[in-house]
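# Reading the structure
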Amino acid sequence: MLKRWLLALVARVRFVVVLICCSLSLFYLLACKPAAHHSQQSLLWSVGITSKEGYMALLQEREDSHRHYINSLTKQIAQLKEALQERSQQLQLSLEKAKAKGILPLGLDSLHKIPTQSDLKEFFRSQLNQAEVNSGTKLPSEYAVIPFDTFTLRRVYQLETGLTRHPEERPARKDRRDELIGSLETALHILNGPQQHSDTTRRKHTYSPSDFIEGLTRTERDRGTVYELLFKGEGPRDFTQLVFFRPFGPLMKVKSERVDTRAMLINIIVPLSRRADAFRQFISNFREVCVRQDSRVHLTVVYFGRDQINQVKALLDQTTRETRFRNFTLIQLNEEFSRGRGLDVGARAWRRSQNVLLFFCDVDIHFTSDFLTSCRLNAEPGKKVYYPVLFSQYNPSLIYNNQTNLPPVQQQLVIKKDTGFWRDFGFGMTCQYRSDFINIGGFDRNIKGWGLEDVHLYRKYLHSKLVVIRSPSRGLFHLWHEKHCADELPPDKYKMCMQTKAMSEASHGHLGELFFKKEIEGHLSSQKRRN
């Protein structure tokens, strides 16, 4: 009996729930019915959606809705145009006021404009008119002259050679070769074009690369590059000259970002064997720059052998006691000295999870806090590595031979022609992240002793997709020291060592004074006798 009563109760509850759901659905439909177009909706319900009148009414409704939407958008666009025009006028007025006060560079007022083809042509024409192509420019002295490079089909002859380029050479960079070949191809296309042979009285001559004699080219950094190409004519005294100008466009913003270097730790790795006196000088600079000024560094010393290692430990312990700086790691290897091996061991010995920035350094290097900042800014994991060109100091005893005592090291670090040179043939000092160093394969561990290991690593990066930042650094110096080239070195390394030794002694002019010292002294004594 109780069971039947429960079944009946459940059935009644189900019926009530269904009735409530139906009522709620009906109320929802009535509440959600649009109020607009009520007459048209009633017509649709009464006539039926399948009739012709129903379709026409529905289309009319949609058309009216779209028309209202288009009118709204048109009004908004007009308002935006009006606001943009007003804002442009305000900006133009502000730029004119700033230019009148002399606080805005000329040409900046055109940055907010959308350049058209005529604007670009006008800009390029102004670049041509301001460059030294059709007329000269008043120069303050002979040092302001921009020299031309002379080029032929196979060679480029240049004045600004540096230490890794020759007075005449084949262009090593592909973009440089393509640039010169492109100018030659353009000249041949113009010479062999129909406009060049419009004069029927003149015999047609088909020009080829063999007719090219030579070309001149130079670049004005803010204007563009000019090319003057000379070709053979139809006779021995007949020549054809073409002048091209490749104008530079206005500056384009590539990116603008904030770089926070506060958490960028640098692991300075120094391979060392003996040379405790040089390490003492290195630690002195390290304490001043890294401990007192920067403090975001770690020093890893990889020491080969046991001779003088106690002196190195004593210097590190003394630094810890006096400065409370403890970011040191000393690794001792009972092996023959190998710079590449030492740097490789130091880089791989890092056990922290952080992808640390590595600075491969030597004991004869003097660096500043500005260099550490450049190291952090010019290296980025997976994107770029930094290969600075350091300034190599000449022999101080030759530079300051007219002084009783040598000046302090800090006063010797002056970047001048007579005090040193940019060591652009060296690639040993570099900043790169440990992940990039590991992924590239590290150093060639088969290389022993001095030299070539840095060149091999440098070439690995050149063959990769990472950007290599190669630039002179005003805060990185190589201190002069006596260089000994071991007899056991192979011929190529021994020759490289001797070349480096010769370059590091003094400037060309100073060596000339030493070489002709007797002639100079004889001339001075003869002058004194005459007086």
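Keep in mind the model is a prediction, meaning the values are calculated, not measured. (Residues numbered from 1 in each chain as written. Predicted model: local features only at pLDDT ≥ 70, side-chain atom pairs only at ≥ 80, totals over all residues. Heavy atoms only, no water.)

## A short note on the state of the cysteines
If you walk through the whole model with that rule in mind, you get two disulfides. One disulfide in the model links Cys 375 with Cys 431; its S-S distance is 2.1 Å. Across the S-S bond linking Cys 375 and Cys 431, the dihedral sits near -120°, which makes this disulfide left-handed. Linking Cys 375 in helix α9 (residues 369–377) with Cys 431 in strand β14 (residues 430–433), this pair joins segments that are 56 residues apart in sequence. Here the two residues Cys 375 and Cys 431 agree in accessibility, since each one is buried. Covalently, Cys 485 is tied to Cys 497 through a disulfide, its sulfur atoms 2.1 Å apart. Across the disulfide from Cys 485 to Cys 497, rotation about the S-S bond amounts to roughly -90°, and the bridge is consequently left-handed. A residue pair is termed long-range when its members are at least 10 positions apart, and Cys 485 in the loop between β15 (467–478) and α14 (491–503) and Cys 497 in helix α14 qualify at twelve residues. We note that Cys 485, like Cys 497, is buried. Sequential numbering of the bridged cysteines in the protein gives the disulfide pattern 1-2, 3-4. Among the cysteines around Cys 290, which has no disulfide bond, Cys 361 carries the closest sulfur, lying 8.9 Å off. You can call Cys 361 buried: its relative accessible area is 0%. (Disulfide = S-S within 2.5 Å. Helix = DSSP H or I, 4+ residues; strand = E, 2+ residues; numbered from the N terminus. Buried < 20%, exposed > 50% of the residue type's maximum accessible area, 1.4 Å probe, protein only.)

## A word on the packing of helix α15 (residues 508–515) against helix α16 (residues 517–530)
Packing of α15 against α16 brings their axes to within 4 Å, and their N-to-C directions diverge by 70°. It follows that α15 is roughly perpendicular to α16 by the angle criterion. Contacts from Glu 513, Leu 514 and Phe 515 in α15 reach Lys 517, Glu 519 and Ile 520 in α16. Grouping the constituent residues of the contact of α15 with α16 by class yields three nonpolar, no polar and three charged. (Axes fitted to C-alpha atoms, helices over the stretch in contact; angles between N-to-C directions. Parallel < 35°, antiparallel > 145°, perpendicular 65-115°, else oblique. Contact = heavy atoms within 4.5 Å. Nonpolar A, V, L, I, M, F, W, Y, C, P; charged D, E, K, R; others polar.)

## Quick word on the nonpolar core
Nonpolar side chains tend to gather and get buried jointly when the protein is soluble and globular. Counting residues in hydrophobic clusters, the biggest one holds 39 residues, and the most contacted among them are Ile 268, Phe 279, Phe 282, Phe 286, Leu 299, Phe 359 and Phe 367. Looking at this core element by element, the count peaks at eight residues for helix α6 (residues 276–294). Ignoring any residue separated from it by four or fewer positions in sequence, one finds Phe 279 in contact with Leu 272, Val 301, Val 312, Leu 315, Leu 316 and Val 363. Membership of the second largest hydrophobic core comes to 23 residues, among which are Leu 265, Ile 269, Leu 343 and Val 455. (Core = buried A, V, L, I, M, F, W, Y, C linked by side-chain atoms within 4.5 Å.)

## A few points about unusual backbone geometry
One non-glycine residue, Arg 274, adopts positive backbone phi at about 60°. Secondary-structure assignment places Arg 274 in the loop between β7 (266–272) and α6. Residue classification places Arg 274 among the partly exposed residues on the basis of a relative accessible area of 46%. Within the chain, Ser 295 stands out as a residue other than glycine whose phi angle is a positive 75°. In this structure, Ser 295 sits in the loop between α6 and β8 (297–304).

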